[in-house]
Amino acid sequence: GKVVFQYNKLKYMLRNTSTPFFKRVLEEAEVIIEELYNVLYKQLEDSIASKEKQDIIIRLLITAGAGQRRVDPAWYCIKLRYERIFALLTRTSIPTTKIIGKLEDQGLRLISTVSEVLKENLPDLWSMIFSFYHGDYHKKAGMTDSQIMELWKKYPESECYPFIEDLMSLYCSTVSQHFFHDEHLALAIAEEEMLAVDVEANQDKHFGKTNRAIKVESKKNKAKVREVLKTVVIAKAAKIPDYFGRPLYELLDTVIRSFLEKKFNSILDDLSILHVSENWEIYDREETITCLPSLFCSRVTQELSDLWGVIDLDNAKIVKFLDQQFVECLNIFADNMHYLAFDVTEENSTPPQEQRLLLILNNCAFVRRKVIPELSGLYCKQFNISEPEKRIGTSKIIDII
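The rules behind the values
- Residues numbered from 1 in each chain as written.
- Predicted model: local features only at pLDDT ≥ 70, side-chain atom pairs only at ≥ 80, totals over all residues.
- Heavy atoms only, no water.
- Core = buried A, V, L, I, M, F, W, Y, C linked by side-chain atoms within 4.5 Å.
- Buried < 20%, exposed > 50% of the residue type's maximum accessible area, 1.4 Å probe, protein only.
- Helix = DSSP H or I, 4+ residues; strand = E, 2+ residues; numbered from the N terminus.
- Contact = heavy atoms within 4.5 Å.
- Phe/Tyr/Trp six-rings, centres within 6.5 Å; stacked < 30°, edge-to-face > 60°.
- Lys NZ or Arg CZ within 6 Å of the ring centre and 35° of its normal.
- Salt bridge = Lys/Arg side-chain N within 4 Å of Asp/Glu carboxyl O.
- Expected span 1.5 Å × (residues − 1).
- Polar contact = N/O pair within 3.5 Å; in protein donor to acceptor, adjacent residues only side chain to side chain.
- Axes fitted to C-alpha atoms, helices over the stretch in contact; angles between N-to-C directions.
- Parallel < 35°, antiparallel > 145°, perpendicular 65-115°, else oblique.
- Nonpolar A, V, L, I, M, F, W, Y, C, P; charged D, E, K, R; others polar.

(A) Main features of the nonpolar core. Counting 96 residues, the largest nonpolar core has Ile 129, Tyr 171, Leu 260 and Phe 296 as its most contacted members. The element contributing the most residues to this core is helix H11 (residues 242-272), with 13 residues. Once residues within four sequence positions are removed from consideration, Ile 129 is found in contact with Ile 78, Cys 160, Tyr 161 and Ile 164.

In structure tokens, the structure reads:
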């Protein structure tokens, strides 16, 4: 800073000199300042330099007049950061193995890695671009408004903003590829397992494998959604304009919707056959109910807890879809009771019809009185719902049961 100050002072004092001695002094100072330019521009290229350090170097170079002789230091640094981020995203988005099982595992790692790259680097890049086009660097270095306007003509926004667009596009395409690619791999692996076992002889074993595969896939997809959601949160916190962030927000909508659809399809499939777990034994003698209400409550509670941290509550469409699926989960208990009352096959283990209907009525009454209000309250608390009746229509569900 002192070198730049003395140089500017000397240049101002000798600006109109015609004395050979003073001209030689000024020429020697110019050589020194050129060497300083080389050192400072080289420091801007340091990949581990913090934004704060680069800001100081940029202001020093602008104050020393570097932008008049070379590329503007702020623009130079912005372009360097963009190229570095783009290279990181490109490099980290390529799988390192061709083994299917490994690729399936790599999907989550790749999405986590590219998300981390964007979260760590995008806010600083956007902050630099914002500062550049608001004149923050150059005003602090003493440049006039007219000089800054000329600078913007030389480096127009139309050349800079595609940097953000390119990074968003590359990130979104990488996440989309590996988010949905993993699902196809999971299906392929499940099909191979199905062919590898004798379904009739190993039905229980195969069902267990399939169940485990679905749970593992769901867990991985949830982790992927969380990575995208955290990236969106960082982008919004950095105040990146919506017209740049739109591809990112649309990606988040897509992966959340996909995750929820698969999740609720699995939940509803599971709950739709809840009646097969009915053993007609008294689970609660005080209420005279079987295990089904408790089983229903615990499964829905577990699935709700699994949705924590992956829902964008600011997205009206996602929230509406979530409400619809939750209501469907609650309504499905009535379907199970209907099946047990009218469609169940009479077997030795099945109690007489009068006893069976009495247990079903008690189960329904318990679910109406305790389970539905409990699950609705949990749902409202978890997703910040202030008007549960308006949103999910608890009373209508109770009436159905």
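Alright, that's what it looks like, and here's the rest.
(B) The packing of aromatic side chains, seen in detail. Under the counting rule described, the total for this entry stands at 16 aromatic pairs. Ring geometry for Phe 326 and Tyr 379: centres 4.0 Å apart, planes at 5 degrees, overall stacked. Of the two residues, Phe 326 sits in helix H13 (residues 316-343) while Tyr 379 sits in helix H14 (residues 353-382), which places them 53 residues apart along the sequence. Feature note: the residues Trp 75, Tyr 82, Phe 86, Trp 126, Phe 132, Tyr 133, Tyr 155, Tyr 161, Phe 163, Tyr 243 and Phe 244 constitute an aromatic cluster, connected by ring pairs. The ring centre of Phe 179 lies 5.6 Å from the NZ or CZ of Lys 224, which sits over that ring.

(C) How the structure looks around the pattern of salt bridges. Applying the stated criterion across every chain, the model contains 13 salt bridges. Here Lys 119 makes a salt bridge to Glu 227, at a shortest N to O gap of 3.6 Å. Here the residue Lys 119 occupies a position in helix H6 (residues 100-133), and Glu 227 occupies one in helix H10 (residues 203-237), the gap between them amounting to 108 residues. Overall, Lys 119 belongs to the buried group, its relative accessible area being 14%. As a salt-bridge pair, Lys 263 and Asp 306 come within 2.5 Å of each other at their nearest N and O atoms. Taken together, the positions of Lys 263 in helix H11 and Asp 306 in helix H12 (residues 292-306) put the pair 43 residues apart, joining distant regions of the chain. Assessed through its relative accessible area of 10%, Lys 263 is described here as buried.

(D) Structural view of unusual backbone geometry. We note that Lys 239 has phi near 60 degrees; this positive angle belongs to a residue other than glycine. For Lys 239, the location among the structural elements is in the loop between H10 and H11. Unusually for a residue other than glycine, Trp 280 sits at a positive phi of about 65 degrees. By secondary structure assignment, the location of Trp 280 is in the loop between H11 and H12.

(E) Highlighting helix H5 (residues 73-92). The first and last C-alpha atoms of H5 sit 28 Å apart over 20 residues, in line with the 28 Å expected at 1.5 Å per residue. Along H5, the residues classified as buried are Pro 73, Ala 74, Trp 75, Cys 77, Ile 78, Leu 80, Arg 81, Tyr 82, Ile 85, Leu 89 and Thr 92. Residue Asp 72 occupies the N-cap position of H5, its side-chain oxygen lying 3.0 Å from the main-chain nitrogen of Ala 74.

(F) Molecular detail of the packing of H11 against H13. Direction vectors running N to C along H11 and H13 enclose 5 degrees, while the axes themselves pass 10 Å from each other. Relative to H13, the element H11 lies roughly parallel. Facing Asp 253, Ile 256, Arg 257, Leu 260, Glu 261, Phe 264, Ile 267, Leu 268, Leu 271 and Ser 272 of H11, the residues of H13 in contact are Lys 317, Ile 318, Phe 321, Leu 322, Gln 325, Phe 326, Glu 328, Cys 329, Ile 332 and Asn 336. Looking at side-chain class alone, the contact of H11 with H13 contains 12 nonpolar, three polar and five charged residues.

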